[in-house]
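# Notes for the structure review
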Amino acid sequence: MIKNGKKLKMIFLGAPGAGKGTQSEIVSEKFNIPAISTGSIIRAAIKNGTEMGLAAKEATERGELVPDSVVIGIIKERLAEPDCENGFILDGFPRTVPQAIALDEMNVEITLVLSIEVADEKIAERMGGRRVCNKCGASYHIQYNPSKTAGICDKCGEPLSIRKDDSPEIVLSRLATYHEQTEPLKDFYGKKGILKLVEGQEELSDTTALTLKAISDSLE
Ligand code: AMP
């Protein structure tokens, strides 16, 4: 998306289950720029049994991060694709300070970092209802964002599934990982003056409205 000569090259930050994936998909469709989810790329690699998938499987299933070098390689390749030229949305990358530094070193100019803020108690409550499409990566929630036909992806008609790492014990481990390794990125991007916080709302459409407002402000 280009407005006032500015492109949207943004990052979604937030705890697992805060709604990064859902908001990324909405922004991607609205502005016709790709949403890049390292989590979806990793899940596809695990499903296809690639070398990278095999290396990432255990860490992902334990709720831990896969090594920086692996995800940095994925993002470097993906951002070099021509569809990223006019803007992109990063969902789930960077997740550590070294990943953010690597992104800087790729000379990728990020225009906006939006952190969706949701309390840990709410996250644990939400995760049980999450469903994902293993084919296209679309995400749903049985209560807050249901698919049109229960259990079937609206976009590609594939059956939806529950992510292995959405079980209650693993969610706790993922939240701990988030606070320890990813939350420091708020400080990293706050210092650069490109961080905005969006309070995650009960209604998905209300979070979307706040997200779109923050994006529009960043393009003024
Ligand atoms: P997500 O779908 O974003 O919740 O990611 C699912 C899992 O993939 C995470 O719990 C990590 O194991 C792995 N993962 C995704 N993105 C990253 C990243 N940027 N760095 C390290 N691990 C990642």
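Heads up: the structure comes first, above all this text.
Residues numbered from 1 in each chain as written. Predicted model: local features only at pLDDT ≥ 70, side-chain atom pairs only at ≥ 80, totals over all residues. Heavy atoms only, no water.

Here the focus is the environment of Phe 93. Tracing the backbone through its elements, the reader meets Phe 93 in the loop between strand S4 (87–91) and helix H5 (97–105). Phe 93 sits in the buried class, given a relative accessible area of 1%. Expressed as a C-alpha distance, the spacing of Phe 93 and Cys 133, which sit 40 residues apart in the sequence, is 20 Å. Leaving out residues up to four positions away in the same chain, Phe 93 has contacts with Ile 11, Thr 38, Val 71, Ile 72, Ile 75, Gln 99 and Leu 103. (Helix = DSSP H or I, 4+ residues; strand = E, 2+ residues; numbered from the N terminus. Buried < 20%, exposed > 50% of the residue type's maximum accessible area, 1.4 Å probe, protein only. Contact = heavy atoms within 4.5 Å.)

Let us look at the side chain of Thr 38. Mapping Thr 38 onto the fold places it in helix H2 (residues 38–48). Setting aside anything within four residues of it in sequence, one finds Thr 38 in contact with Val 71, Ile 75, Asp 91, Gly 92, Phe 93 and Arg 95.

With that out of the way, let us pick up the sheet that holds strand S7 (residues 139–141). In spatial order, the strands read S7-S6-S8; together these three strands make up an open sheet with antiparallel pairing. In the strand order of this sheet, the two ends are held by S7 and strand S8 (160–161), each with one partner. Sheet topology places strand S6 (residues 130–133) next to S8; two bridges connect them, and they run antiparallel. Bridge pairing links Val 132 to Ser 161 in S8. (Pairing = 2+ DSSP bridges.)

So, to be careful, I would describe these as geometric facts and stop short of saying anything about function.
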